[in-house]
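Summary of structural features
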Amino acid sequence: TQSTRPQRILGAVQRNATRGDPRSVVRAIDQYCRNQEWAMNVGDEKGCILDSVVSEVNPATVLELGTYCGYSTVRIASLLPPHAKLITLEFNPEFAVIARQVFAWAGLEDKIQLVEGASGDLIPKMKEQFGVETFDLVFLDHWKDRYLPDTKLMEECGLLRKGSVLLADNVICPGAPEYLEFVRSSPRYESQYFKSHLEYTKVEDGLEKSVFLG
Ligand SMILES: O=C(NCCCCCn1ccc2cnccc21)c1cc(-c2ccc(F)cc2)cc(O)c1O
Ligand SMILES: [Mg+2]
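Overview of the structure. Numbers given to residues run from 1 along each chain, matching the order in which its sequence is written. Working convention: letters from A go to chains and numbers from 1 go to ligands, in the order in which they are written. Thresholds applied to this predicted model are a pLDDT of at least 70 for local features of residues and 80 or more for the giving and counting of side-chain atom pairs; totals over whole chains, interfaces and linings are not thresholded and use all residues. Think of the side-chain values as coming from all heavy atoms in the structure, minus any hydrogens and water.

1. With respect to the site of ligand 1
- Any residue with a non-hydrogen atom lying within 4 Å of a molecule or strand is treated as near it. Ser119, Asp141, Lys144, Asn170 and Glu199 are the nearest of the 19 residues found near ligand 1.
- In protein, a polar contact means a hydrogen-donor-capable atom and an acceptor-capable atom, both N or O and within 3.5 Å, with residues adjacent in sequence counting only if both atoms are side-chain atoms; elsewhere, any N or O pair within 3.5 Å suffices. Contacts to ligand 1 include Lys144, whose side-chain N or O atom sits 2.9 Å from an oxygen atom.
- In isolation ligand 1 has 690 Å² of accessible area, and contact with the protein removes 78% of it.
- A molecule is said to occupy a pocket when more than half its atoms come within 2 Å of that pocket's grid points, and by this definition ligand 1 occupies the largest pocket.
- Counting only elements with at least two residues in the shell around ligand 1, the list comes to strand E2 (85–90) and helix H9 (171–175).
- Just so you know the grouping, Ala, Val, Leu, Ile, Met, Phe, Trp, Tyr, Cys and Pro go in nonpolar, Asp, Glu, Lys and Arg go in charged, and all remaining residues, Gly too, go in polar. Residues that form the shell around ligand 1 fall into these classes: 9 nonpolar, 5 polar and 5 charged. Accessible areas in this description were obtained via Shrake-Rupley with a 1.4 Å probe; residue shielding takes into account the shown protein chains only. Only protein atoms enter the 1 Å grid, on which a cavity is a set of points fitting a 1.4 Å probe that cannot get out and a pocket is an open set with protein on both sides within 12 Å along at least 5 of 7 lines, lining residues being those with an atom within 4 Å of a point. Just a note on the criterion: a molecule sits in a pocket or cavity if more than half of its atoms are within 2 Å of the grid points. Only DSSP runs of H or I reaching four residues or more are called helices, and only runs of E reaching two or more are called strands; each is numbered from the N terminus.

Here you go:
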């Protein structure tokens, strides 16, 4: 039977990366997706911007919306301090199966908690079910039309504190126009655009970093 793209990405990791070496896992996925077949990982160019924001925030609690194969999850988790907590939400169970194996190959399964389901259902349960107070960093990389409603939902659920950082992928391509308009015009957010390119292409894309001012 035909393999899926996530299965082929996992195969590339298992063939080319070293167990327990997160950077080699990231490199193996980037080489496969650049040379063999495109996939919607944040990629190496935007990934460096992600790395710099994670290092600057040095978060104790991280929420990632949109796991896919776990590429950005591995990038983030490999930069976290020892007792930090990374929760990543994935809607597609097939993606979740692959991502868990990628985390294991990277040796990061103890730092990452993958939860399956829809953000709109899971965000209101974060405090009671996952013992989270607030998130220091949120990486938005799921359905682009959910960026804005989920940001408002996180505010309503008290999951953001003064200084919480939202980092959103794909604000140009595929685009999240309502989200961009909101964070750039709201007095409760300080936003900054990091111009880059759509993963593995020359098409413009970028990350929007927005600090919640409380
Ligand atoms: O669609 C994208 N990502 C979202 C995938 C689905 C997420 C589903 N999901 C996960 C957790 C979760 C929780 N709640 C609800 C839903 C949830 C995406 C697309 C492109 C892209 C594609 C084609 C093209 F021509 C150009 C660009 C590039 C990217 O970097 C992307 O990220
Ligand atoms: Mg993306």
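2. Some points on the pattern of salt bridges
- By definition, a salt bridge exists where a carboxyl oxygen of Asp or Glu is found within 4 Å of a side-chain nitrogen of Lys or Arg. Under the criterion given, the structure shown has 16 salt bridges.
- Close ionic contact of Glu199 with Lys46 constitutes a salt bridge, the shortest N to O distance being 2.7 Å. Residue Glu199 is located in the loop between strand E6 (189–197) and strand E7 (204–212), and its partner Lys46 is located in helix H3 (residues 43–57); the two are separated by 153 residues in the primary sequence.
- Within the structure, one salt-bridge network assembled from shared partners comprises Lys46, Asp169, Glu199 and Asp205.

3. Focus on the coordination of the magnesium ion (ligand 2)
- Excluding water, the donors of a metal are its N, O and S neighbours within 2.8 Å, or within 3.2 Å for Na, K and Ca, and that exclusion means sites may look incomplete. At 2.0 to 2.2 Å from the magnesium ion (ligand 2) lie its protein donor atoms, namely Asp141 (OD), Asp169 (OD) and Asn170 (OD1).
- Donor residues for the magnesium ion (ligand 2) sit on one chain with the sequence pattern D-x27-D-N. A single burial state applies to Asp169 and to Asn170, both of which are buried. Only protein chains enter the area calculation, which uses a 1.4 Å probe; residues under 20% of their type maximum are buried, those over 50% are exposed, and those in between are partly exposed.

4. Observations regarding the packing of helix H8 (residues 147–156) against helix H10 (residues 177–185)
- Helix axes are fitted only over the stretch in contact, all axes being lines through C-alpha atoms; the angle between N-to-C directions runs from 0 to 180 degrees. The contact between H8 and H10 brings their axes to 7 Å, and the two run at 45°. Classified by the angle between their axes, H8 and H10 sit oblique to one another. Across the interface between the two elements, Tyr147, Leu148, Thr151, Lys152 and Glu155 from H8 touch Glu178, Tyr179 and Phe182 from H10.
- The residue inventory of the contact of H8 with H10, partitioned by class, reads 4 nonpolar, 1 polar and 3 charged. For classification purposes, an angle smaller than 35 degrees is called roughly parallel, one larger than 145 roughly antiparallel, one from 65 to 115 roughly perpendicular, and anything else oblique. In this analysis, two residues are considered to be in contact whenever any of their non-hydrogen atoms come within 4.5 Å of each other.

5. Focus on the layout of surface pockets
- The space that makes up the largest pocket amounts to roughly 490 Å³.
- Forming the boundary of the largest pocket are 30 residues, of which Met40, Gly66, Asp141, His142 and Trp143 lie nearest the centre.
- At the level of elements, helix H4 (71–77), E2 and H9 are the ones that each hand at least two residues to the lining of the largest pocket.
- Split by residue class, the lining of the largest pocket holds 15 nonpolar, 10 polar and 5 charged. Grid points are joined across faces, edges and corners, and a volume is the space filled by probe spheres set on the points.

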